[in-house]
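This is what each chain is made of:
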Amino acid sequence: MEIIIKSFKQTETDDSLHIYVDGSYSKETEEYSYGMVVVKADGEIEEYSEKFNDPEMLPMWNVAGEIMGACAAMQYALDYEIPAITIFHDYEGIAKWPLGEWKAKKDGTRAYVNFYQNAVKSVNIKFKKVTGHSGDKYNDRADKLARAALNL
């Protein structure tokens, strides 16, 4: 007698806070930035952006901004004691470095992995890849915020 075990994916209610992040870089000013859109369950939206010029991160261009956006999302969750977040991103390294799918070889990526490892002790952090510049409302808004921080 053959026993067939069927596997199925249980659907879960996603009760995490959704945070969209994106990064940008200006060659003219040699600065990088992030844009972040926090989408609360009640539909309220919060928007953040910030620019940086850390010489150690500059060679990573817009990826440095992507990393800073992901760190800002995690810090937001820590600051407001939010138990679970989903970080929506369009650069695949945002998930692959902290999850160990890519090796963090640069100081900036190693620091990012360390930040994640500390944050995940207090916050359930999920990642969701979205396609950039594809009409995703909040990803596009995060991109605009990142660019605006650099006056682009």
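Reading the values: the criteria
- Residues numbered from 1 in each chain as written.
- Predicted model: local features only at pLDDT ≥ 70, side-chain atom pairs only at ≥ 80, totals over all residues.
- Heavy atoms only, no water.
- Phe/Tyr/Trp six-rings, centres within 6.5 Å; stacked < 30°, edge-to-face > 60°.
- Salt bridge = Lys/Arg side-chain N within 4 Å of Asp/Glu carboxyl O.
- Buried < 20%, exposed > 50% of the residue type's maximum accessible area, 1.4 Å probe, protein only.
- Helix = DSSP H or I, 4+ residues; strand = E, 2+ residues; numbered from the N terminus.
- Pairing = 2+ DSSP bridges.
- Axes fitted to C-alpha atoms, helices over the stretch in contact; angles between N-to-C directions.
- Parallel < 35°, antiparallel > 145°, perpendicular 65-115°, else oblique.
- Left-handed = near helix turned anticlockwise from the far one by under 90°.
- Contact = heavy atoms within 4.5 Å.
- Nonpolar A, V, L, I, M, F, W, Y, C, P; charged D, E, K, R; others polar.

J.: Please explain the packing of aromatic side chains as it appears in this structure.
T.: To describe a pair of aromatic rings, you give the distance between the ring centres and the angle between the ring planes. Scanning the model with the defined rule gives eleven aromatic pairs in all. Measuring from centroid to centroid gives 5.9 Å for Y91 and W97, while their planes differ by 45°, and the two rings are tilted.

J.: Please explain the pattern of salt bridges as it appears in this structure.
T.: Where charged atoms from two side chains of opposite charge approach closely, those side chains can pair. For the structure on display, the rule yields six salt bridges. For K96, the salt bridge identified is with E92, shortest N-O distance 3.8 Å. For K96, a relative accessible area of 23% corresponds to the partly exposed category. On the accessibility criterion, E92 (36% relative accessible area) is partly exposed. Residues joined by salt bridges that share partners form a network here, namely E92, K96 and E101.

J.: Whenever I open this one, the pairing of strand β1 (residues 17–26) confuses me. Can you help?
T.: Across the ten residues of β1, nine count as buried, placing the element largely inside the fold. Relative to strand β4 (residues 84–89), β1 runs parallel, the two sharing four bridges. Residue L17 lies in a different strand from β4, and its bridge partner there is I85. Where β1 meets strand β2 (residues 31–39), nine bridges bridge the pair, whose relative direction is antiparallel. Paired with H18 across the bridge in β2 is V39.

J.: Mind showing me how you'd approach the pairing of strand β3 (residues 45–52) here?
T.: As defined by bridge partners, β2 adjoins β3 across eight bridges and the pair is classed as antiparallel. Of the residues in β3, the one forming a bridge with G35 is S49. Taking the residues between adjacent antiparallel strands as the criterion, β2 and β3 are bridged by five residues, where G43 takes a positive phi near 95°.

J.: Which parts of the structure should I look at to understand the packing of helix α1 (residues 62–79) against helix α3 (residues 107–119)?
T.: In helix packing, the relevant descriptors are the interaxial angle and the interaxial distance, both defined with respect to the helix axes. Interhelical geometry of α1 versus α3 gives an angle of 20° and a closest axis separation of 10 Å. As summarised for this structure, α1 and α3 are arranged roughly parallel, according to the angle between their axes. Considering how the two elements wind past one another, α1 and α3 form a crossing that is left-handed. On α3, the residues touching I67, A70, C71, M74, Q75 and L78 of α1 are G108, T109, Y112, F115, Y116 and A119. Partitioned by chemical class, the residues of the contact of α1 with α3 number nine nonpolar, three polar and no charged.

J.: Could you clarify how one ought to interpret unusual backbone geometry in this entry?
T.: Trans is the common state for peptide bonds, and a negative phi is the common state for residues other than glycine. Despite not being glycine, W61 shows a phi value in the positive range, around 50°. Summarising the element assignment, W61 is placed in the loop between β3 and α1. With a relative accessible area of 40%, W61 lands in the partly exposed category. The phi torsion at E81 lies on the positive side, around 50°, for a residue other than glycine. Tracing the sequence through the fold places E81 in the loop between α1 and β4. Here E81 falls in the exposed class, since its relative accessible area comes to 70%.

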